[in-house]
Amino acid sequence: MVFAWAAVAQPAAMERKKNPYKWMISADWSAIDDNGEPFTKLFDLPGSWNYEYFPSRLMVDRFYYKAWSFEGTATYNRYYSNKQINGAIGLSGSFFALNFGLKHSFRRYFRGANWFDPYISMGLGATYRTVRTVPLNAQLYTTFGANFWLSKKWGLQLQTTGNLAIVPDIYTTDADYLQHALGVVYRFDPKKRSKNTFSNRKYKWVHERQRAGKRQT
């Protein structure tokens, strides 16, 4: 996946010269799918998805260069006893996660639809789950998502993240899980700097002396 991502990101000639934003933030409704069956019951919302009725995930994105940015996320969820968790029913507890990674936007390929902003991000994180015997573990994550811009600053965000636990039995562990998120995203416009620095306020006294000299002559 890393090699494929790098290959798609190569053509710099298609990049926009103007930075689309400086900072981006979002507040999301998050759902955790930790049923222990990674290839089945992917959309079993009533039986496997643990979620809150309030935004429980926060994201901060810092634009870096062209289509690249850095992101950090923090998530809180609860496990409910009526949901399937690693094949079992009757478990309940808390979920906390922190992720930090690198994001790449593919918006430049959809110039005819500026409202559509798909992206992929990868990075490292840590998850704490009270329902597990070993509650804390590190993970690698990959996110596929998209922003749907309703205006220049406001939009909706939809994404799915696969979390791979970094543990000794990495191929057979039941510590992996999926996280889905839907939320509201807001981006801050980059600051515009004047190219004519000589006309700035700190050079105002120079212009005043020039005008005074002309009046005397």
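Refer to the structure printed above.
Everything numeric in this text was worked out from a predicted model, so none of it was measured.

(A) Quick look at a nonpolar patch on the surface. On the surface, a nonpolar cluster with roughly 510 Å² of combined accessible area is contributed by W29, L150, W154, L156 and V184. Structurally, the position occupied by L156 is in strand 10 (residues 154-165).

(B) Empty space enclosed by the protein, seen in detail. Evaluation of the coordinates by the stated rule reveals two cavities of 30 Å³ or more. One number sums up the size of the second largest cavity: a volume of about 80 Å³. If you list the elements that add at least two residues to the lining of the second largest cavity, you get strand 4 (68-79), strand 7 (93-105), strand 8 (116-129), strand 9 (136-149) and strand 10. The residue makeup of the lining of the second largest cavity, split by class, is two nonpolar, eight polar and three charged.

(C) Geometry of the pairing of strand 9. Direction of pairing for strand 8 relative to strand 9: antiparallel, over a ladder of 13 bridges. Bridging across to strand 9, P118 finds its partner in A146. Two successive antiparallel strands, strand 8 and strand 9, enclose a turn made up of six residues. Pairing geometry for strand 9 and strand 10, over eleven bridges, is antiparallel. Pairing of G145 across the sheet is with Q159, part of strand 10. In textbook terms, the turn of a hairpin is the stretch between consecutive antiparallel strands, and for strand 9 and strand 10 this stretch comprises four residues.

Analysis parameters
- Residues numbered from 1 in each chain as written.
- Predicted model: local features only at pLDDT ≥ 70, side-chain atom pairs only at ≥ 80, totals over all residues.
- Heavy atoms only, no water.
- Patch = residues over 30% accessible without salt bridge, like charges linked within 9 Å, V, L, I, M, F, W, Y side chains within 5 Å.
- Areas by Shrake-Rupley, 256 points an atom, 1.4 Å probe, with all protein chains shown as cover.
- Salt bridge = Lys/Arg side-chain N within 4 Å of Asp/Glu carboxyl O.
- Helix = DSSP H or I, 4+ residues; strand = E, 2+ residues; numbered from the N terminus.
- 1 Å grid on protein atoms, 1.4 Å probe; cavity = no way out; pocket = protein on both sides within 12 Å on 5 of 7 lines; lining within 4 Å.
- Points joined across faces, edges and corners; volume = space filled by probe spheres on them.
- Nonpolar A, V, L, I, M, F, W, Y, C, P; charged D, E, K, R; others polar.
- Pairing = 2+ DSSP bridges.

Interpretation note: all reported values are geometric properties and have no functional meaning in isolation.
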